[in-house]
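Okay, here's what each chain looks like letter by letter:
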Amino acid sequence: MKIWNRSQSMRMLLVVIAATLLAACASIGHPEGGPRDMNPPVFVRSNPAPSALNVKRNKIEIYFDENVQIEDAINKVVVSPAQQMQPIVTANGRKVTVELRDTLLPNTTYTIDFADAISDLNEKNLLDGFAIDFATGDTIDSLRISGIVLQARNLEPAQGMLVGAYSNLADSAIEKLKFERITKTNQYGQFTLRNLKPGSYNIFAVNDVNRDFHWDRSEDIAFFDSVISPESDVIEAEDTIKTDDGRDSIVKLDVVRFKPNDILLTWFNEEYKAQYLADNRRPERNRIDIRLGAPTGTLPIFRVANGPHRGKNLMELSRLEASRTLDTLSYWITDSVLIKQDSLLVEATYQKVDSLDKLVWATDTLRMFMRPERPRKEDKKKDKGDSIPQITFFNLNLSGTSIQDLHRPITITTDVPIATIDTACIGLEMMVDTVWTKVKPPIFRTPLPYSSMKIELENQWEEGTKYRLTVDSASVHSIYGLFNKSFVHEFTTKKSTDYGTIIFNITGLDSIPAMAELLNASDNPVDTVRVVDSRATFRYLPAGTYYARLYLDANGNGKYDTGNLKAKIQPEEVYYYPKKITLKQAFTVRQTWNIYELALDTQKPYDIKKNRPKLRPDDEPEEEEEEDTYTDPFLTGRDPNPFRNTH
């Protein structure tokens, strides 16, 4: 059964929730014989019986056809309505006992949902999706909502995540009220909310860390875009039974179908960080470090509040080094008077969030103290003429090795900010017929706006060529007048045949901006490119095994954006290329990728899944066929092996 996100109808899912086809909440199966027991336990009876009315007892006893065990009952077994006190769940032989410690509410339908907590004692065959219900009044609520929860960023199945429903449709309900009906996802991320009254509901999934049965802003959250009204109908279904002589016989029967059974929830974390002045330090006389609580686009304003420079902006007396997100700031003080000042007061004007979660300007006074400097002992030498002035250098650290990538710059980092670079004193040579020959010097640039401690040297490198970079002494000066020692760096560039290329021809985007990510075996990006004209091209790749995913870059900012519940913004949609890609050196692999061709929960390759379910006997992953189309630069006329979908 393929299920679709109602807000994005093309996002397919494959959800198998057999319990949704049964009218009663108890899951009842029929074991088949065989040399090895591969069937889960079978429900026999319970006290109270499934769907019993006017129940007054707090203890529920459930019997199976074989000895059973309960795994992780505290986290897997949930009771609706949510209980203040954790129920006591035990297994003894063929019986499971649940003792509810809260007082039973009148005229209420109760559901005890075991998810996949029950298995047989010997073979550990899971009884997945088992639940039992009863009512304390004259009627029992019976509607259901089913679906699946995946992690938005990487499509991992959400295992053991709380899913809940509200009939109170106020936006604030998720933060203030407990869920009215709850369940938990199984190992496949699937869920069924049971025993709902007729009506309209908002559906959420929450990583309920503090077990208060609603959402706190730091917790993971998923929400469905629209209000859901569950319903049911009767359909004719086929079942296979064993006849007395052991033959299979197909029978038709009427079963209750509950809808919707195709809800897709993709969870995310808002990564909310309150904006405030988190920390301030003066670790050295010449440096002030500031840390803000969250990334910002607006720099704080710092003014000296005491001493000779009172009232001056700190930017006039220092050099700022800042992170890309401007939440980590280092002010390297350049004024000698301010450096010597032991007691330093700084008036800080910055943005922070108020009680209404709005950014407002605030002003504080920061107090920074240093111990007074001890006077240095004078050199007492008999012959002062023998004294040699000490020359102080500062460090230049080179990132390059003896092997240089064709597409990467050489990076130089320093331990203090750079004031000037005399590029005329920095030379680049290449080996031509065993002779060093001067070439055009590289381009110097700083990768960040507020950064002079990292310099990139960009150049159009010739492949397979030996180079020599020479940096003369005193060619780079720091803001404190220090300069570098001379050094020489020799290296050889790689050849184009050392790399491979992967090209995806992507269908299904319909002109929607998208970013493609090439992944390693740990599901981490090794390269990210923008999809241009429905094509994603990854160049300069070493030979190896790769995977790929894509996200729809809704706002075109070139980075993945998470969701926001209050603004009702879903996280950007993610899709996986369903096969691994084996890249050979000097080859180009071309693949066709229809992002909607497979159900969303079947796209991610099993090899890189982290939340792997315990496989059922018929769920062993098939050996993947190699479907890559290679282009060999040394051969012509190669017949391509076009992409074939085997699903």
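Sequence order sets the numbering: in each chain, residues are counted from 1 along the sequence as written. Per-residue local features are limited, in this predicted model, to residues with pLDDT of at least 70; the limit for side-chain atom pairs, both in listing and counting, is 80 or more; totals at the level of whole chains, interfaces and linings are taken over all residues. The basis for the side-chain values is all heavy atoms of the structure; hydrogens and waters are excluded.

1. Let's talk about the packing of aromatic side chains
Point 1. Ring geometry is summarised as follows: Phe, Tyr and Trp rings, the Trp one being its six-membered ring, pair when their centres sit within 6.5 Å, and such pairs are stacked at plane angles under 30 degrees, edge-to-face over 60 and tilted between the two. With the rule as written, the count across this model stands at 19 aromatic pairs.
Point 2. Here F223 and F268 contribute two aromatic rings whose centre-to-centre distance is 6.3 Å and whose plane-to-plane angle is 75 degrees, an arrangement assigned as edge-to-face. Of this pair, F223 sits in strand β18 (residues 221-223) while F268 sits in the loop between β21 (263-267) and β22 (277-284), placing them 45 residues apart in sequence. F268 shares its class with F223; the two are buried.
Point 3. Centroid distance W461 to Y467: 5.1 Å. Interplanar angle 80 degrees. Geometry classified as edge-to-face. Summarising the burial analysis for this pair, W461 and Y467 share the class buried.
Point 4. Ring pairing ties together the aromatic residues F43, F64, F114 and F130, which thus form one cluster.
Point 5. The side chain of R45 reaches across the aromatic face of Y63, ending 3.9 Å from its centre. In this description a helix means any DSSP run of H or I spanning at least four residues, a strand means any run of E spanning at least two, and both kinds are numbered starting from the N terminus. For every residue, the accessible area obtained with a 1.4 Å probe (protein chains only) is divided by the maximum for its type, and the residue is called buried under 20%, exposed over 50%, and partly exposed between those limits. Criterion for a charge above a ring: Arg CZ or Lys NZ at most 6 Å from the ring centre, at most 35 degrees from the ring normal.

2. Thoughts on the sheet that holds strand β26 (residues 328-333)
Point 1. Taking strand neighbours across the sheet as the criterion, the four strands line up as β22-β23-β26-β25 in an open arrangement whose pairing is antiparallel. What marks the edges here is a single partner per strand, and that holds for β22 and β25 (318-322). Ignoring which end each strand starts from, the neighbouring axes of this sheet average 20 degrees apart.
Point 2. In terms of strand pairing, β22 meets strand β23 (residues 287-292) through five bridges, oriented antiparallel. Looking at the pairing, L277 lines up with L292 of β23. By definition, two strands form a pair when at least two bridges between them are found by DSSP. Angular values range over 0 to 180 degrees, each being the angle between N-to-C directions of two axes fitted as lines to C-alpha atoms, with helices fitted over their stretch in contact.

3. What about the environment of I412?
Point 1. Along the chain, the position of I412 falls in strand β31 (residues 410-414).
Point 2. Given the relative accessible area of 9%, I412 is considered buried.
Point 3. For the pair I412 and N395, spaced 17 residues apart in the sequence, the C-alpha separation amounts to 9.9 Å.
Point 4. If near-sequence neighbours (up to four positions away) are discounted, I412 is found in contact with L396, N397, L398, M453, K454, I455 and L457. Contact between two residues is taken to exist if any of their heavy atoms lie within 4.5 Å; hydrogens are not considered.

4. Quick look at the side chain of D116
Point 1. As for its position among the elements, D116 is in the loop between β9 (109-115) and β10 (118-120).
Point 2. There is a polar contact of 3.3 Å between the side chain of D116 and the side chain of K76.
Point 3. Beyond its immediate sequence surroundings of up to four residues, D116 is in contact with K76, L126, L127, D128, N186 and Q187. Any pair of nitrogen or oxygen atoms within 3.5 Å is treated as a polar contact; in protein, a donor-acceptor pairing is required on top of that, and neighbouring residues in sequence qualify only through side-chain atoms on both sides.

5. Some points on the confidence of the model for the protein chain
Point 1. In the predicted model, the protein chain carries a mean pLDDT of 87, and 87% of its residues have values of at least 70.
Point 2. Confidence of the predictor in every single residue is expressed as pLDDT, which spans 0 to 100. For the stretch residues 632-647, pLDDT sits under 50, and the model shows 28 contacts to residues farther than four places along the chain or on other chains.

6. Description of the environment of Y331
Point 1. Note on placement: Y331 falls in strand β26.
Point 2. For Y331, a relative accessible area of 1% corresponds to the buried category.
Point 3. Separated by 13 residues in the primary sequence, Y331 and S318 place their C-alpha atoms 5.8 Å from one another.
Point 4. In this structure, Y331 is in contact with N286, R287, I288, I290, P300, F302, L314, M315, S318, R319 and L320, ignoring residues within four places of it in sequence.

7. Things to note about the sheet that holds strand β34 (residues 435-438)
Point 1. An order of β30-β39-β37-β33-β34 is seen for the five strands of this open sheet, with the pairing classed as mixed. Both outer strands of the open sheet, β30 (403-404) and β34, are each paired with one neighbouring strand and no more.
Point 2. As paired elements, strand β37 (residues 466-471) and strand β39 (residues 487-493) share six bridges and run antiparallel to each other. Note that in β39 the partner of R468 across the bridge is E490.

8. A closer look at the pairing of strand β42 (residues 525-530)
Point 1. Bridge count between strand β41 (residues 514-519) and β42: five bridges; the pairing is antiparallel. Within β42, the residue paired with L518 across the bridge is D527.
Point 2. The loop that links β41 with its antiparallel partner β42 comprises five residues; one of these, D523, has a positive phi angle of about 70 degrees.

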